[in-house]
Amino acid sequence: QVHLVESGGGLVQAGGSLRLSCAASGRTFRGYAVGWFRQAPGTERDFVAAINWRGTTAYTDSVKGRFTISRDDAKNTVNLQMNGLKPEDTAVYYCAADNGVFRGVSSFRDRYVYWGQGTQITVSA
């Protein structure tokens with residue numbers, strides 16, 4: 001059983017930075033793609049960023065140039081550095097892991113089968 005735990009959420013003023021971490025237990029991240037999604041109240045869970053086993057990354061347009069996803073397979077963690085935060089970034093952020101090894105990076109939610117419990121990010125104006 002794979003268990004994902006997000007950390008690093010909180011309250012920040014617009015323009016500030018936060019760093020989210022996703023730690024896995026029960027299985028290594030090595031060889032698997034990991035993504036970050038977010039969900040604001042009353043909306044669907046949307047793609048934010050992903051990184052595959054080779055380090056190839058993908059971002060939704062609204063966070064390009066502000067967010068950076070990275071992975072540390074030795075520590076079995078994936079991080080999301082968020083700079084220049086905006087009020088519209090406010091949401092619950094989830095990390096998710098693919099179940100297929102050595103696959104390409106993907107923004108499709110259905111590709112990810114293991115999910116964390118989420119961490120709240122609130123950006124004040």
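Data block above holds the structure.
Described in the following lines is the structure provided in the data block.

Criteria and thresholds
Residues numbered from 1 in each chain as written. Predicted model: local features only at pLDDT ≥ 70, side-chain atom pairs only at ≥ 80, totals over all residues. Heavy atoms only, no water. Buried < 20%, exposed > 50% of the residue type's maximum accessible area, 1.4 Å probe, protein only. Helix = DSSP H or I, 4+ residues; strand = E, 2+ residues; numbered from the N terminus. Pairing = 2+ DSSP bridges.

**Some thoughts on the pairing of strand β5 (residues 46-51)**
Burial analysis of β5 places five of its six residues in the buried class, the great majority of the element. Relative to β5, strand β4 (residues 32-39) runs antiparallel, the two being bridged by five bridges. By the bridge assignment for β5, F37 is matched with F47. Between β4 and β5, which pair antiparallel one after the other, the connecting turn spans six residues, and G42 there sits at a positive phi close to 80°. With three bridges joining them, β5 and strand β6 (residues 57-59) adopt antiparallel strand pairing. Following the sheet pairing, A49 is matched in β6 by Y59. The antiparallel pairing of β5 with β6 creates a hairpin that spans five residues between the two strands, and G55 there sits at a positive phi of about 95°.

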